[in-house]
Amino acid sequence: MTSNSVPTTVDEPPRTTPVTVPGVGWRDRLPVRLGTPLVAGLVLLAVLALAVGPNAYLAGIVIETLFWITAASAWNVLGGYTGMLSLGHALFIGVSMYAVTYAVNHGWSWWAATPLIVVAMTVIGTLLLFPGFRLRGPFFSLATFALPLIATTLAVYAKGLTGGSQGETWPVNPSGGQFVFVSRVPYLLVIGVIALVSVLVSVFIDRRAIGRRMRAVADDDVAAEAAGVPATRTRLIATATSIALSSLAGCFYVTYVAFVDPTSAFALDVSLKVVLLAILGGLGRSYGPLIGAIILIPADSWLAGAFPGGVHLLLYGALLVVLVLFLPQGILGGASQLLVRLRRRRA
Amino acid sequence: MTLLQLVVSGVLLGGLYALIAMGLTLIFGVMRLINFAQGEFITLGMYAAYWFYISLGGNPYLSMVLVVPAALLGGWILERTLFRRMGSAPPAMQMLVTFGLSLALQNAMLLAFGGDYRSASSSFAKRSLHLGGIDVGVGQLVAFAASMAIGVGLIIALRHTRTGRALRAVQENRYAIQLVGVNVERLFAIAFAIGICLAAVAGVLIAPNYFISPTVGGGLVFTGFVVVVLGGLGSLGGAIVGGMIIGIVESLSGFYLPGGLKDSFSLAVFIVVLLLRPAGLFGRRGAEEVGFK
Amino acid sequence: MKRMVTGRRMAAASMAGVMSLAVAACGSGGSDSSGPIRIGALFPTTGTLATLGKASLDGAQIAVDMINGQGGVKGRKVQLVNGDPSSAATAVSEATRLTVKEHVKIVEGTYASDLALAASAAAVRNGAFYWETDAISDQLTSRGLKNFFQFPYAASSNGANGADMVKNMINPVLGHPAKVVVVHNDSSYGALVAKGAEDQARKDGLTVLGNYSYPTDTNDQSSLALRIKQAAPEAVIAASYQNDAVLLLKALNQQNVKLAAFMGTGGIYGLPAFKSALGSGTEGLFDTEGSASVPDSALNPDVQKLRATFVDKWKQSHGGAAPTFLPTIAFDATWVLLQDVLAKAKSDSPKDLSAAAKSVDLAPGSTILGYGVKFNAKGLNERAFVVGMQWQGDSPVVVYPQKYASAKPVKIPLSPLSKG
């Protein structure tokens, strides 16, 4: 599908060649240097927590942004790197929101329930998507699109587990085990660490053979298999990683919203927003979702305040159209193209 | 008798779904574009019918004389200004544009018309017929008949006109047809204009039966997507048959199953078809595996 | 290597962004005891709930303007600080913004129950006092949330009133306890109303033939109409939103389902849009809900005057149309909040406001809806009530209970019932 000769990233060979180098290259023998982004991320997070922690409004925006960084990075692993454009990621976020709410309301600690739910969600979700692996492009998109719709009706129906259409509320009294705090700082720190992990996973994928395999599968899976890339295994890895991170994001998000109901948990908006953020930042780029979320989520809340009454959504929609028209490679793609052009001029 | 009534109701509903799905599937088949904004064009059609009914005092159905040319022109212009510019952008980007368009249109309508529920319920459409123990609403019957006529007309046009054959050829292989020297861009604009027009016509046809508000079209398009995949992406005949199946399944499951499960049942049918026969009932076999290159 | 540079640059850039936001935020907000009393107003003004959310906000604003016209509360002007909760998640962030960034200590809202649930939990968690003006979910007061008060009745009591109407108006005509079917969309609202209706119907000795739910966003109601036809009830009690209600009645007509009575339960069933969609088909249909049109005789004399003033002001700003229930209750609730809670509280701290709210004891007829005000231990106003209305001609009139009725019920049975 993609056979453009323009290099898509600054320090990578053109995308026409990855099929020929899917194996283990010299870079893979070196330990991946995640140190710099890890330290930078942790320092940034600590500063953030100190700076905005006391101001719950700002903290709210930062928490939202960090959540969307996680969710969009998770989607990017599948939709960006591997080219499987899921339109149903709200399913994994929503089911995890329900599961962890159920667990906490039945006496579990959030900290104990979350890892179990993430593992279970990953296994179940991967099994669910597996039959869809042979669907390509828009067919995969539409199949995944239907999943949250089904989940919505089932959640409304299964009143005993989900509280039906009324949804379930989170406990209201502060408790560390149940993840109910008055201060915003614990929320900031936990979602910050989760977001950091999700970005580091992307960086890791980006630099290892698995990333090149994913891209090879995305570009042309027949050619990739011919070149020795295990396409199905690569898809499985991408799916599982993507679902695990989405599930983690969901387990956190419900502690912050303190409420889950079928329409908000499985909203089309959620499924589309993760796609939007990843594309805006740069599809299949490790920092793409991060950039997309940092720009769009605060802008979204500013627009909502500055232009109330539908105007902000109108602007939001128009902005989206304009961005895609003028920045089809996303912000990072646009930036790297600009860099390439500048460098050529200098040379 | 109950069963017969349920099937008849389902078929009538299916006609509506078919009409909505035909617009989606035509745009998808030719342009490979999943148009999330289709529902907003249905809503615009409904508002046009309402305006015609209230301001001009006309039968809402007659607004068709204005809606059809306006929608064709609007669709043509949109394709020229928005989607043509995107050229070879990945499908995800194009999808995103339609999503942005949907959001912008929906909220523009909210600003322009307010969120009130309006009704263009003409006394003609309110009547119901009693035919041999089966009850049928005139409004639904009109929508059904129009939908079938449009569907059959389109299928014939695609088979027997030059442009129609070119549209079908571009669905088969858009690169090959370019080599033969056909102007693909013109075909895209035609397909998009007709697709938008179908949505607006659907809006006019259902305006007498439903409340009109800025968000009403979006809900109908969900079902439209299900029908499109069921029938086979890109297949008009598939859209009609798929619409009937979903209509009848909804009608029967609404009666025999606990009410809350009505929606999940038709979605389950959708998933099963997708897994057993991913190209849909009438789609090009194998298309799902290459994703229409 | 270049990647890391990018990473560091990016980190620096985003940190700078956050810092500037933090600095900007410190300048705004702030409250002191000499300035206006600022009350957060959370009503959805975008999205699908925009129309009715906006109407509620307008009603509340009129109350504030009138109080300010009288010199405010304790000599201080009152100011509404608006938030726009268009979904549960934005309800949380908007409630947080108002309470934390805008330093609002009192929040009112929210019209829709799911938004109210999310917003009130967030606002109270941030130390605010929450005054629900028009959402009616039973869940709101069953959470044990402190500093939370719900001015309107609970949803289930609306359903229960539907059953009572069948018992008191339909049974006498039939000469036996009516057979009823309850139908509801699968929204939270629909489920609560239906539960209230079914429970009360059993208590009232009615025969409940079924309680059917259907998807809220249904495109067709023929199947439901057929199920009802097969069950052959004498009365139907229905909890619906908009399209589902109209589709249901059209389908019932088409299938020629014979009923002694049809009880809608608020929402679209009492609105002019219902009439414009069904035309003469609304004649004789019942609707139970809070009503903005209890007769003057049910109100104290000064409250009659207050209502007239409100209606005038509303008409002036809304093209001459009379206010419906939602803006009226938003006005009423805001009025009571300002006049009977805020004005009587020792301070505007949530604790003092709660104490003041708990001691409010207004007899029926003290508010423009005819409500009294007395909160139970959970914070629900026990003296809010619903009335039974019937479509007669172009608008619904109050027919039940006798005390508030402005007309006699007609058209019972609704359609000639077949014998046996």
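Residues numbered from 1 in each chain as written. Chains lettered and ligands numbered in written order. Predicted model: local features only at pLDDT ≥ 70, side-chain atom pairs only at ≥ 80, totals over all residues.

A. Examining the overall build of chain C more closely. Looking only at helices and strands, chain C has 13 helices and 12 strands in total. The dimensions of chain C, computed from C-alpha atoms along their principal axes, are 80 × 65 × 40 Å. Each of the 420 residues in chain C was classed as buried or not, and the buried ones make up 61%. Partitioning the intrachain contacts of chain C with sequence separation of at least 6 by distance along the chain shows that 69% fall at a separation of at least 24. (Helix = DSSP H or I, 4+ residues; strand = E, 2+ residues; numbered from the N terminus. Buried ≥ 20, exposed ≤ 12 C-beta atoms within 10 Å, placed from the backbone. Contact = placed C-beta atoms within 7 Å.)

B. Main features of the interface of chain B and chain A. On the side of chain A, 36 residues touch chain B, which itself brings 41 residues to the contact. Within the residue set of the side of chain B that touches chain A, elements represented by two or more residues are α3 (64-86), α4 (91-113), α10 (216-231), α12 (262-276) and α13 (287-290) of chain B.

C. Quick look at the sheet that holds strand β8 (residues 235-239) of chain C. Residue and element names in this part refer to chain C. The strand order across the open sheet formed by seven strands is β7-β6-β8-β9-β10-β11-β12, and the pairing between neighbours is mixed. Edge positions in the open sheet fall to β7 (207-214) and β12 (395-400), since each of these has one partner strand only. Ignoring which end each strand starts from, the neighbouring axes of this sheet average 25 degrees apart. Bridge analysis of strand β10 (residues 286-289) against strand β11 (residues 387-392) gives four bridges, and the strand direction is antiparallel. Directly across from F286, in β11, lies its bridge partner Q390. Here helix α7 (residues 188-203) sits on the sheet and contacts β6 (179-185), β7 and β8; the angle it forms with β6, its principal contact strand, is near 165 degrees. (Pairing = 2+ DSSP bridges. Axes fitted to C-alpha atoms, helices over the stretch in contact; angles between N-to-C directions.)

D. Quick peek at the interface of chain C and chain B. Contact residues are listed per partner, giving 30 residues for chain C and 31 residues for chain B. When contributions to the side of chain C that touches chain B are tallied by element, the ones reaching two or more residues are α2 (50-69), β7, α8 (222-231), α9 (243-254) and α10 (272-278) of chain C. If you tally residues by element for the side of chain C that touches chain B, the top one is α8(C), at six residues. Tallied by class, residues from the side of chain C that touches chain B come to 10 nonpolar, 15 polar and five charged. (Nonpolar A, V, L, I, M, F, W, Y, C, P; charged D, E, K, R; others polar.)

E. Quick look at the pairing of β6(C). Residues and elements named next belong to chain C. Counting buried residues along β6, six of its seven residues qualify, which places the element largely inside the surrounding structure. Inspection of the sheet shows β6 paired to β7 by seven bridges, in the parallel sense. Along β7, the bridge assignment pairs V180 with V208. Running through α7, the crossover from β6 to the neighbouring parallel element β7 is right-handed. As paired elements, β6 and β8 share five bridges and run parallel to each other. Each bridged residue has a counterpart across the sheet, and for V181 the counterpart in β8 is V236. (Right-handed = clockwise from strand over helix to strand, strands pointing away.)

F. The arrangement of the UniProt feature "transmembrane region" (unreviewed entry) in chain B in detail. Residue and element names in this part refer to chain B. In the numbering adopted here, UniProt assigns the feature "transmembrane region" (unreviewed entry) to residues 6-29, 36-54, 60-83, 95-114, 134-158, 187-206, 212-233 and 265-283. End C-alpha atoms of residues 6-29 are separated by 32 Å, and the span's content is 100% helix alongside 0% strand. Annotated as residues 265-283, this span is 63% helix and 0% strand, and its ends, taken at the C-alpha atoms, are 22 Å apart. (UniProt positions renumbered as here; feature names shortened; annotations may be inferred.)

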